Amino acid sequence: KEYPKPVTTHFDTCKGRTKDMLVDGKGWELVSEGHGFTEGPVASADGTVYFSDIPNSKIHVVAPDGKVSVFLEDTNKTNGLAFGPDGRLYGCRAGSGEIVSWDVKTKEEKIHAKGIKANDLVVTNDGVIYATEPPTKSVWIIRPGQDKVLGSDQFSGVNGIEAVPDQGRFDVTDPGGRFVWSAMRQPDGSLANVEPYHHLHLPPGDTDNRSRADGTAMTKDGWLLVATSMGVQVCDQPGRVNLIIPMPVGARF
């Protein structure tokens, strides 16, 4: 209709979640480039974003005004990042098999656990760390001042981990399957009822049934964002995908 005018969408009458979650006419914007392999983006309370460059052993910081700088060097291939209730930046130090944290102002470092090949982590409001370990398909629990204990090894695979807003459940991605797994947090902090939960979409013609789900983020009202081979899949709390945001051209999640 009306060729050769460009094809347009009826954004104002959209029945889906697109107009609730996206800004009409806005696409992906390049924040930083020239890195080896980026991972673990996480935002602080003031909107400052930190992300790791694993092969170059650096953590970069993106200020609210968009300026990018190096926060830490020689991080021993730190991977996933998370902020704790104490305001410290926590990281999975892949090179040495440690869980560490830093004071973002002084860069003073603290080691919380050793002997864990962690990929990603989340820190709950009471300071308990939950970290994924892909080689063992496990989630480990590190309570303040205590050694790590196994949370569960009943996942089909693990990578990213996120807590729902009330922190009563964790969502854990499995790159080798098509589900995001769920684990209920018990009053003592242990995990129970581990099961496949969010049902992700796969690319057309996919034959290996792998979502390649990796990193995650959780909105304040409980929407789970999952980076997959199809793009960012936005899931509601009952486990359904409501929106898929295609990745930028040439990008790989």
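Please read these numbers as outputs of a predicted model, since none were measured by experiment. For every chain, the first residue of the written sequence is number 1, and numbering continues from 1 onward in sequence order. Per-residue local features of the predicted model are confined to residues with pLDDT of at least 70, and side-chain atom pairs are confined, for both listing and counting, to 80 or more; whole-chain, interface and lining totals are unaffected and use all residues. Working from all heavy atoms in the structure, the side-chain values ignore hydrogens and water.

Novice: Explain the overall build of the chain to me, please; I cannot follow it from the model alone.
Specialist: Counting its secondary structure elements, the chain contains 1 helix and 20 strands. Just to be clear, the radius of gyration here is over C-alpha atoms, and the globule rule we use is 2.2 Å times residues to the power 0.38. The C-alpha radius of gyration computed for the chain amounts to 19 Å, which stays within 12% of the reference 18 Å derived for 253 residues, consistent with globular compactness. Accessible area is worked out with a 1.4 Å probe on protein chains only. A residue is then buried under 20% of its type maximum, exposed over 50%, and partly exposed in between. Out of the 253 residues belonging to the chain, those deemed buried represent 43%. Within the chain, contacts between residues at least 6 apart in sequence are counted, and of these 35% link residues at least 24 apart. Looking at the chain as shown, the accessible area adds up to about 13,800 Å², and 51% of this sits on carbon and sulfur atoms. Each helix is a run of H or I in the DSSP string that is no shorter than four residues. Each strand is a run of E no shorter than two, and both are numbered from the N terminus. We call two residues in contact when some of their heavy atoms are within 4.5 Å. All accessible areas in this document rest on Shrake-Rupley with a 1.4 Å probe, and a residue is counted as covered only by the protein chains that are shown.

Novice: How should the nonpolar core be read in this particular structure?
Specialist: For our purposes a nonpolar core is just a set of buried Ala, Val, Leu, Ile, Met, Phe, Trp, Tyr and Cys residues, chained together by side-chain atoms within 4.5 Å. Y130, V139, F155, I161, F170 and L191 are the most contacted members of the largest nonpolar core, which totals 14 residues. Not counting residues up to four positions away in its chain, the partners in contact with I161 are D120, L121, V122, Y130, T132, V139, F170, D171, V172 and T216.

Novice: Explain the environment of L200 here, please?
Specialist: Mapped onto the secondary structure, L200 falls in the loop between β16 (191-199) and β17 (216-218). Looking at L200, the relative accessible area reads 0%, which means it is buried. In this structure, L200 is in contact with R178, V180, S211, A213, V226, T228, Q233, C235 and V241, ignoring residues within four places of it in sequence.

Novice: I would appreciate a short explanation of the sheet that holds strand β11 (residues 138-142) in the present structure.
Specialist: In a beta sheet, neighbouring strands pair by backbone hydrogen bonds and run either parallel or antiparallel. DSSP calls a pair of strands paired once it identifies at least 2 bridges connecting them. One open sheet accounts for 4 strands, arranged β9-β10-β11-β12; its pairing is antiparallel. Where the open sheet ends on each side, the last strands, each with one partner, are β9 (120-123) and β12 (149-152). Going across the sheet, the axis of each strand differs from the next one's by a mean of 30°, ignoring polarity. Taken together, the 3 bridges between β11 and β12 define a ladder with antiparallel strand orientation. Across the sheet, the residue bridging to V139 is S152, located in β12. Here the axes come from fitting lines to C-alpha atoms, over the contacting stretch only for helices, and the angles between their N-to-C directions go from 0 to 180 degrees.

Novice: Sorry, what's going on with the side chain of R169 here?
Specialist: Relative to the elements of secondary structure, R169 occurs in strand β14 (residues 169-173). Counting of polar contacts relies on pairs of N or O atoms within 3.5 Å, with two restrictions inside protein: one atom must be capable of donating a hydrogen and the other of accepting it, and residues adjacent in sequence are counted only when both atoms are side-chain atoms. Within the structure, R169 has its side chain in polar contact with the side chain of S182 (distance 3.5 Å). Contact partners of R169, with chain neighbours within four places excluded, come to E162, A163, V164, S182, A183, M184, R185, Y197, H198 and Q237.

Novice: Hey, could you run me through the pattern of salt bridges in this one?
Specialist: When a carboxyl oxygen of Asp or Glu lies within 4 Å of a side-chain nitrogen of Lys or Arg, that pair is called a salt bridge. According to the stated counting rule, one finds 7 salt bridges in the structure shown. A salt bridge links R185 to D126, with the nearest nitrogen and oxygen atoms 3.1 Å apart. With R185 in strand β15 (residues 179-185) and D126 in the loop between β9 and β10 (129-133), this pair connects stretches of sequence that are 59 residues apart. Across the pair R212 and D208 runs a salt bridge whose closest N-O atoms are separated by 2.9 Å. Taking the relative accessible area as the measure of exposure, R212 reaches 34% and is therefore partly exposed. Salt bridges sharing common partners tie together R93, E98 and E109.

Novice: I'm lost on the sheet that holds β16 in this one. Help?
Specialist: With respect to topology, 4 strands assemble into an open sheet ordered β13-β14-β15-β16, the strand pairing being antiparallel. Lying at the two open borders of the sheet, with one neighbouring strand each, are β13 (161-163) and β16. In this sheet, neighbouring strand axes are inclined to one another by 25° on average, regardless of whether the strands run parallel or antiparallel. In this structure, β13 lies alongside β14, joined through 3 bridges in antiparallel fashion. The residue of β14 that forms the bridge with A163 is F170.

Novice: Looking at this structure, I do not really get the packing of aromatic side chains. What am I missing?
Specialist: Side-chain rings of Phe, Tyr and Trp (the six-membered ring for Trp) are treated as a pair once their centres are within 6.5 Å; stacked means planes under 30 degrees apart, edge-to-face means over 60, and tilted covers the remaining angles. Inspection of the entire model under this criterion finds 4 aromatic pairs. Each ring, one from Y50 and one from F83, has its centre 5.5 Å from the other, and the planes form 70°; the classification is edge-to-face. On the criterion of sequence distance, the pair formed by Y50 in strand β2 (residues 49-53) and F83 in strand β5 (residues 78-83) is long-range, its members being 33 residues apart. With a relative accessible area of 8%, Y50 lands in the buried category. Feature note: the residues Y50, F71 and F83 constitute an aromatic cluster, connected by ring pairs. Over a ring means this: the NZ of a Lys or the CZ of an Arg is within 6 Å of the ring centre and within 35 degrees of the ring normal. Positioned above the aromatic ring of W140 is the side chain of K148, whose terminal nitrogen or guanidinium carbon lies 5.6 Å from the ring centre. One Lys or Arg, R169, reaches over the ring of Y197 and ends 4.7 Å from the middle of that ring.

That's the geometry; what it means functionally is another story.
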